[in-house]
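Residues per chain, in single letters:
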Amino acid sequence: SVWSRGVDATRFHPSFRSSALRAQMGADDDTLVVAYVGRLAPEKGLDAALTALQEVARARPDKVAFMFVGDGPYEEEVHRRTPEPRWLPGKLLGDDLSRAYASADVFLFPSTTDTFGNVLLEAMASGLPVIGADVGPTRELLGETRGLLTPPDNAEGLAAAIIRCVDDRKMLRQFGGAARAFAESCTWDRIWSRLFADYRTLQSAPRASMPAAPDPPTTAQPRRRRLWSP
């Protein structure tokens, strides 16, 4: 059985979407807001992501805005390379973080090193489809209906996926709805209920007989002595 992680689907919810916040970052209703939330560090795949964003800004000018929420050792590089229009608020918590998620249109997760992306569940609970690197942990959460997978560390693939989201809003809405539905199935109440159900199943199962322990060796091993010279 898999005991996964959960998400508070009321704390992260599409109802937190804010037109005022989108306007603050230079986005209107027709703008695709691409969001990244997490630690700003090179091992998160940010080099490929930043290169992709620059390509998207050239290919679809005035159609996309970019959001980076978080801090870390790569913060200066993110500020230097993220195209305009953009919003780089640093680390956010509480309702501010909930509004940031819900006010975006698609979530970017280029990391190939995360074993479980908690931010993926938070983004999907907020109604966001995901563009992620095609690696095992991300693939497991996205499936085929909750976003787009791209080759790992591939800026061209990331750019093509974002441009596809700009051009196909119907697909984006379908992915977003599926993402929200999946997150609702991953609430902590459901995660704990599954865990307790597994415990009850084990508790009621008949005990398996344990194999007999092997007989101890009949010949004692000689003790080693350390000789110290004066």
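Keep in mind it's a predicted model, so treat the numbers as computed, not measured.

The rules behind these values
- Residues numbered from 1 in each chain as written.
- Predicted model: local features only at pLDDT ≥ 70, side-chain atom pairs only at ≥ 80, totals over all residues.
- Heavy atoms only, no water.
- Axes fitted to C-alpha atoms, helices over the stretch in contact; angles between N-to-C directions.
- Helix = DSSP H or I, 4+ residues; strand = E, 2+ residues; numbered from the N terminus.
- Parallel < 35°, antiparallel > 145°, perpendicular 65-115°, else oblique.
- Contact = heavy atoms within 4.5 Å.
- Nonpolar A, V, L, I, M, F, W, Y, C, P; charged D, E, K, R; others polar.
- Phe/Tyr/Trp six-rings, centres within 6.5 Å; stacked < 30°, edge-to-face > 60°.
- Buried < 20%, exposed > 50% of the residue type's maximum accessible area, 1.4 Å probe, protein only.
- Salt bridge = Lys/Arg side-chain N within 4 Å of Asp/Glu carboxyl O.

(A) Spotlight on the packing of helix 7 (residues 155-167) against helix 8 (residues 169-184). One way to put it is that helix 7 packs onto helix 8 with a least axis distance of 5 Å and a crossing angle of 100°. In terms of orientation, helix 7 lies roughly perpendicular with respect to helix 8. In this structure, helix 7 contributes Arg 164, Cys 165, Val 166 and Asp 167 to the contact, and helix 8 contributes Arg 169, Met 171 and Leu 172. Of the residues in the contact of helix 7 with helix 8, the class split is four nonpolar, no polar and three charged.

(B) The packing of aromatic side chains, seen in detail. One pass over the full model with this rule turns up six aromatic pairs. Centroid distance Tyr 36 to Phe 68: 5.5 Å. Interplanar angle 40°. Geometry classified as tilted. One end of the pair, Tyr 36, is in strand 1 (residues 32-37); the other, Phe 68, is in strand 2 (residues 64-69), with 32 residues separating them in the sequence. The pair formed by Tyr 36 and Phe 68 is uniform in burial state, with each residue classed as buried. Of the aromatic side chains, those joined through ring pairs into one cluster are Phe 12, Tyr 101 and Phe 107.

(C) Structural view of the pattern of salt bridges. A complete count under the given rule lists 13 salt bridges for this structure. Where Asp 47 meets Arg 81, a salt bridge forms, and the shortest distance between an N and an O atom there is 2.9 Å. In this pair, Asp 47 is assigned in helix 2 (residues 46-59) and Arg 81 in helix 3 (residues 75-81), connecting sequence segments 34 residues apart. In this structure, a network of salt bridges that share partners links the residues Asp 47, Glu 77, Arg 80 and Arg 81.

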